[in-house]
Amino acid sequence: MSGFTSDALAIYSLSAPFITMDGGDVMAVLDQRIRLDDLMTHKRKHASQTGHCYLPVSEIFSRME
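Residues numbered from 1 in each chain as written. Predicted model: local features only at pLDDT ≥ 70, side-chain atom pairs only at ≥ 80, totals over all residues. Heavy atoms only, no water.

Visitor: Whenever I open this one, the overall build of the chain confuses me. Can you help?
Guide: Summing up its helical and strand segments, the chain has four helices and zero strands in all. Counting from the amino terminus, helix and strand elements in the chain follow one another as α-α-α-α. Here the contacts in the chain between residues at least 6 apart in sequence split such that 48% fall between residues at least 24 apart. If you sum the accessible surface of the chain, you get close to 4500 Å²; carbon and sulfur atoms cover 55% of it. (Helix = DSSP H or I, 4+ residues; strand = E, 2+ residues; numbered from the N terminus. Contact = heavy atoms within 4.5 Å. Areas by Shrake-Rupley, 256 points an atom, 1.4 Å probe, with all protein chains shown as cover.)

Printed below as a string of structure tokens:
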């Protein structure tokens, strides 16, 4: 719920076979600030382009402004 440790992110920073979601992501969806399918689209695109498994929803929102 509180995010991911820097060690965990470093281990899976390249070529991660999954996408991570933390409490901020879940709350943004539950608060209807972003749709789940839109959130996942942003996260998949980020993972595909960078190889990184973690993209916080706050960064997605800042890119949208």
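Visitor: Sorry, what's going on with the side chain of Asp-22 here?
Guide: On the secondary structure map, Asp-22 appears in the loop between helix H1 (6-11) and helix H2 (23-30). Here Asp-22 is buried and forms no salt bridge, its nearest opposite-charge partner Lys-43 lying at an N-O distance of 5.9 Å. From its side chain, Asp-22 meets the backbone nitrogen of Gly-24 in a polar contact 3.1 Å long. Beyond its immediate stretch of four places on either side in the chain, Asp-22 contacts Gly-3, Phe-4 and Tyr-54. (Buried < 20%, exposed > 50% of the residue type's maximum accessible area, 1.4 Å probe, protein only. Lys, Arg positive; Asp, Glu negative; His and termini not counted. Salt bridge = Lys/Arg side-chain N within 4 Å of Asp/Glu carboxyl O. Polar contact = N/O pair within 3.5 Å; in protein donor to acceptor, adjacent residues only side chain to side chain.)

Visitor: Got a minute to help me understand the side chain of Asp-25 in this structure?
Guide: You can see Asp-25 is positioned in helix H2. Side-chain polar atoms of Asp-25 contact the side chain of Lys-43, separated by 2.9 Å. Excluding residues within four positions of it along the chain, Asp-25 makes contact with Thr-20, Leu-39, Lys-43, Leu-55, Pro-56 and Val-57.

Visitor: When you look at a nonpolar patch on the surface in this model, what are you seeing that I'm missing?
Guide: A surface patch of nonpolar side chains, about 410 Å² in accessible area, is lined by Met-21, Val-26, Met-27, Leu-30 and Leu-36. Broken down by element, the residue count for the nonpolar patch peaks at three residues, all from H2. On the secondary structure map, Leu-30 appears in helix H2. (Patch = residues over 30% accessible without salt bridge, like charges linked within 9 Å, V, L, I, M, F, W, Y side chains within 5 Å.)

Visitor: Would you explain unusual backbone geometry in this entry?
Guide: A negative phi holds for most residues other than glycine; trans holds for most peptide bonds. Of note, Gln-32 is a non-glycine position whose phi angle comes to about 60°, a positive value. Following the sequence through the fold, Gln-32 ends up in the loop between H2 and helix H3 (36-50).

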